[in-house]
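Spelled out, the chains give:
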Amino acid sequence: MSITAAPAQTLSTPQTTLSQTTLIPVAITRGDGIGPEIMEATLRVLAAAGAPIAPLEVRMGEAVYKEGHTSGLAPDAWDVLERTGVLLKAPITTPQGGGYKSLNVTLRKTLGLYANVRPCRAYAPYVATHHPKMDVVIIRENEEDLYAGIEHRQTREVIQCLKLITQGGCERIVRYAFEYARQQNRRKVTALSKDNIMKLTDGLFHRTFDEISAEYPDIKAEHQIIDIGMARMATQPEAYDVIVTLNLYGDILSDVAAEVAGSVGLAGSANIGQHFAMFEAIHGSAPDIAGQNIANPSGLLQSAVLMLEYLGQPDIARRISNAWLRTLEDGLHTRDIASDQTRQVTGTREFADAVIERLGQEPQHLSAAPSREAAAQPQRTAQPQHTTPPAESPAAPIAKQLVGTDVFFEWSEPGRDPEALARVLQSAQLERMPLRMITNRGVKVWPQGHPHTSKSDHWRCRFLSDGPIVHADVLELLASIHATQLDFIKTEHLYTFDGVPGYTLGQGQ
Ligand code: NAD
C-alpha cells in the first residue's frame, strides 16, 4: 500500500481512511545511549495496544558517523524514509566538533519538516512542578533562522552566522499555529520574537503574525518580546496556551517549558512537513545512564502517541495515553521523576510493563488525554492548507531597485581610527555613490562616532546613491577600492523594495 501523503485538505477533513487491518509502514531508528532501551519499551507498548504499524528499521547515529558517513545516516535510510513518510526516532549522540553536522537538522531540513510541535503539560501532583495548571504547546519554526548553519570567518577577529528568514517560512509556521489552535480548541496564540532589535528578520515574522492572526478572529493573538516571554515561561507558564516562535528561540524555550512542566524526560515532539513527519522525545541520548534500565521511556512514548494521531489512529493513541497517565497516578515512576507520590521506582522495562497492564484503563484524577477525539496533531491526511514551500510561492510583483552597497573590510591599522579609513575610502568613492557611513560590529563610528566605542578589525562601509544604480557601478567602485590596497572581504548590495529600504540603519545613525 502506498502511504505517501494525501493532498493537503482542510483540518476538518474526516478521519483517515487507512484501514485498521492494514499495517502502516513506519521507519524507526533505535538511536544511541538510552535510545535502544526506550525504543524497545515504546514498541512493546505500541504492539500491546494494537497499533497497526509495521516498523522498518533504519540505521542512524554514532556508529554510522564512525563508519564515515558524516550525515549520520546510513546510505539506504533515505529510501526507507521515502517509502514510509514517517519516522519514530530515538535520540542520537552527535559527535562534538569535527566535520559532523547535526543529524536532526539534516532530517528536518531535507524532509521539509517545517513545524516542530512540543506539548508541555504538567502532571501534578504525580510529577513535581511549581505550575500544576501548565498546559502549553510550543510551535517552533524548524528550518530557517540561524540554523541555516551558514557561518564564515571573515577577518582574524570576526566570525559571522547568517540568520535567514523567509516570508513563506513565516507564513507557514504562523498559519500552522493558528490552524493547530483552532483544531485543538485552544484560545490564544502568542508570538515571540526580538523585532525591537532585528527589525527586518524578526520584524517580518511579527508582521506576518499580525496579518495572519486577523484571519482567525476566534483566537486571541498577542506578541511579546522573546526575553520577557522566556522569563514568563519560567515563572507564569499558565499565562500561555499556544506559542509560535522562530527556530533558535523555540529550541531554547521548549526545553525551559518541558523542565518547568516537570521533566525533559516526559515530553515528546512532532516535526511536521508537507510530505514527511518525524516524532522524537525532546531529550538527548543520556549516555550517563545508558544500558542501566533506568531511563524514562515516556518522552518517546508521548512522541509515538503524537505519531498515532498523525497516522489517523486517535483511539489507540488515547488508549496508550490514558494507560500512561494511570501509571503515573498509580505511583509507578522511573527514577528521574520519583517524588513523595512514588509508590515504586521502576526500571525502563518495568515502566513499560506497567503501562501495558493499564491499557484500557482511564486516569482517575489527571484529565484524560485532552480532546483526542479531534486528534491532537494535524493528521497526515489533513495538513493545513496554506503550506506551500516558499520556493514554490509565486513572487509578488515588487519593484526591486539597487541603490548602493555595503563593503566590508578587514582593517586594523594602529589606532583603528575610522577617520583614517574614511579618508582612504573617500579617495576611492564614486561621485554618484559616496561613502555615507562606517560601522563596526553594527555601531556607527563614522561620521561622528564615539571615541569609546571598541572596534574590531571588521568594518562595514556604506556607499549609497541618491537614486538607482546598476551592478556596473558597484564593480567600478570595487575596482577603485582595489587600487587602494584595502582588504575588502565581502559586499552586501543595498536594495529598495517598492521604495522601502531593504537594509537597516547603523546603530546610532
Ligand atoms: P540529555 O537530554 O541526553 O541528558 C541531559 C540529562 O537528562 C542527563 O542527566 C540525562 O541522564 C537526563 N535524561 C535525559 N533523558 C532522560 C530520560 N529519558 N530518562 C531519565 N533521564 C534522562 O542531554 P545531553 O547530555 O546534553 O546530550 C547527550 C547527547 O544527546 C549529545 O550527544 C547530544 O548531542 C544528544 N542530543 C540528541 C538529541 C536528539 O537526538 N534529538 C537531542 C538532544 C541532545
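Residues numbered from 1 in each chain as written. Predicted model: local features only at pLDDT ≥ 70, side-chain atom pairs only at ≥ 80, totals over all residues. Heavy atoms only, no water.

Q: Give a detailed account of unusual backbone geometry, specifying residues and quantitative values.
A: Between A124 and P125 the backbone carries a cis peptide bond, its omega angle lying at 0°. P447 follows W446 through a cis peptide bond whose omega is -5°. Its identity is not glycine, yet A286 carries a phi of approximately 40°, on the positive side. Assignment of secondary structure puts A286 in the loop between β12 (277-281) and α9 (298-310). Residue classification places A286 among the partly exposed residues on the basis of a relative accessible area of 21%. (Helix = DSSP H or I, 4+ residues; strand = E, 2+ residues; numbered from the N terminus. Buried < 20%, exposed > 50% of the residue type's maximum accessible area, 1.4 Å probe, protein only.)

Q: Run through the packing of helix α12 (residues 418-428) against helix α13 (residues 471-484), naming residues and quoting values.
A: One can describe the packing of α12 onto α13 by two numbers: an axis separation of 8 Å at closest approach and a directional angle of 130°. Comparing the axis directions of α12 and α13 gives the class oblique. Here α12 and α13 pass one another in a crossing that is right-handed. Taken together, the residues of α13 that come into contact with α12 (itself represented by V424, L425, S427 and A428) are L477, S480, I481 and T484. Of the residues assigned to the contact of α12 with α13, the class counts are five nonpolar, three polar and no charged. (Axes fitted to C-alpha atoms, helices over the stretch in contact; angles between N-to-C directions. Parallel < 35°, antiparallel > 145°, perpendicular 65-115°, else oblique. Left-handed = near helix turned anticlockwise from the far one by under 90°. Contact = heavy atoms within 4.5 Å. Nonpolar A, V, L, I, M, F, W, Y, C, P; charged D, E, K, R; others polar.)

Q: Which residues make up the nonpolar core, and what are the values?
A: Membership of the largest hydrophobic core comes to 93 residues, with the highest contact counts inside it found for L88, I139, F279 and I320. Apart from residues no more than four positions distant in its own chain, L88 is found in contact with V26, A27, I28, T29, M39, T42, L46, F279, L300, S303, A304 and M307. Membership of the second largest hydrophobic core comes to 24 residues, among which are V407, L435, W446 and L478. (Core = buried A, V, L, I, M, F, W, Y, C linked by side-chain atoms within 4.5 Å.)

Q: Quick one: what's the story with the site of the ligand, residue by residue and with numbers?
A: Lining the immediate environment of the ligand, one finds 18 residues, of which I92, G284, A286, D288 and N296 sit closest. Taking 810 Å² as the accessible area of the ligand by itself, protein coverage stands at 67%. Each residue belonging to the shell around the ligand can be placed in one class, and the counts come to seven nonpolar, seven polar and four charged. (Near = heavy atom within 4 Å. Areas by Shrake-Rupley, 256 points an atom, 1.4 Å probe, with all protein chains shown as cover.)

Q: Describe the pattern of salt bridges, listing the residues and the values that go with them.
A: Under the counting rule described, the total for this entry stands at 30 salt bridges. For D255, the salt bridge is made with R118, and the minimal N-O distance between the two is 3.2 Å. Remark: R118 occurs in strand β4 (residues 115-121) and D255 occurs in helix α8 (residues 247-261); sequence separation between them is 137 residues. The exposure class of D255 is partly exposed, given its relative accessible area of 31%. A salt bridge links D406 to R462, with the nearest nitrogen and oxygen atoms 2.8 Å apart. (Salt bridge = Lys/Arg side-chain N within 4 Å of Asp/Glu carboxyl O.)

Q: Give me the packing of aromatic side chains: which residues, what numbers.
A: All told, the structure shown has eight aromatic pairs when counted by the stated rule. Between Y176 and Y180, the ring centres sit 6.5 Å apart and the planes meet at 25°, which makes this aromatic pair stacked. Of this pair, Y176 and Y180 both sit in helix α5 (residues 167-183), four residues apart, which is roughly one turn of the helix. Taking relative accessible area as the criterion, Y180 reaches 2% and is therefore assigned buried. (Phe/Tyr/Trp six-rings, centres within 6.5 Å; stacked < 30°, edge-to-face > 60°.)

Q: Hey, could you go over the sheet that holds β4 for me, with residue numbers and the actual values?
A: Ordered in space as β2-β1-β3-β12-β11-β4-β5-β10-β8-β9, the ten strands form an open sheet in which the pairing is mixed. With one partner strand each, in any of the chains shown, β2 (53-57) and β9 (220-225) form the two edges of the open sheet. Across the sheet, the axes of successive neighbouring strands diverge by a mean angle of 25°, strand direction being ignored. Relative to strand β5 (residues 135-141), β4 is paired through seven bridges, and the arrangement is antiparallel. Across the sheet, P119 pairs through a bridge with V137, a residue of β5. Docked against the sheet, helix α4 (residues 103-110) engages β3 (86-89), β4, β5, β11 (268-272) and β12, running at close to 155° with respect to β12. Along the sheet, helix α7 (residues 226-235) makes contact with β5, β8 (188-193), β9 and β10 (242-245), crossing β9 at roughly 105°. (Pairing = 2+ DSSP bridges.)

Q: Can you lay out the side chain of D241 for me, pointing to particular residues and giving the numbers?
A: With respect to the helices, strands and loops of the structure, D241 is situated in the loop between α7 and β10. Within the structure, D241 has its side chain in polar contact with the side chain of R186 (distance 2.7 Å). Of note is the side chain of D241, whose polar atom sits 3.3 Å from the backbone nitrogen of K188. Not counting the four nearest positions on each side in its chain, D241 is found in contact with D135, V136, V137, R186, R187 and K188. (Polar contact = N/O pair within 3.5 Å; in protein donor to acceptor, adjacent residues only side chain to side chain.)

Q: Explain the environment of M233 residue by residue, including any values.
A: Inspection of the secondary structure puts M233 in helix α7. Looking at M233, the relative accessible area reads 0%, which means it is buried. Residues M233 and A257 lie 24 residues apart in sequence; the distance between their C-alpha atoms is 6.4 Å.

Q: Go over the sheet that holds strand β16 (residues 435-440), please, and point to the residues and values.
A: Across the sheet, six strands lie side by side as β17-β16-β18-β15-β19-β20; this open sheet has antiparallel pairing. Edge strands, defined here as strands with exactly one partner in the open sheet, are β17 (443-446) and β20 (500-501). The pairing of β16 with β17 spans three bridges and is classified as antiparallel. Bridging across to β17, I438 finds its partner in W446. Packed on one face of the sheet, α12 meets β15 (400-410), β16, β17 and β18 (458-464) and runs near 145° to β16. With respect to the sheet, α13 is in contact with β15, β18 and β19 (487-497), its orientation differing from that of β15 by roughly 20°.

Q: Can you break down the environment of L107 residue by residue, with the values?
A: As for its placement among the helices and strands, L107 is situated in helix α4. The contact partners of L107, leaving out residues within four places of it in the chain, are M60, L73, W78, L81, L87, K89, G112, L113 and M278.

Q: Which residues make up the packing of helix α1 (residues 35-49) against helix α10 (residues 314-329), and what are the values?
A: For the pair α1 and α10, the least separation of the axes is 10 Å and the interaxial angle reads 120°. In terms of orientation, α1 and α10 fall into the oblique class. For α1 against α10, the interelement crossing comes out right-handed. Where α1 abuts α10, its residues V45, L46, A48 and A49 lie against I316, R319 and I320. Classifying every residue of the contact of α1 with α10 by side-chain character gives six nonpolar, no polar and one charged.

Q: Give me the pairing of β11: which residues, what numbers.
A: The buried fraction of β11 is high, at five of five residues. With burial as the criterion, each face of β11 is covered, one bearing G268, A270 and I272 and the other bearing S269 and N271. Looking at chain direction, β4 and β11 are connected through three bridges and run antiparallel. If you follow V117 over to β11, its bridge partner there is A270. Relative to β12, β11 is paired through five bridges, and the arrangement is antiparallel. Paired with A270 across the two strands is F279, which belongs to β12. Following β11, the chain reverses through four residues before pairing antiparallel with β12.

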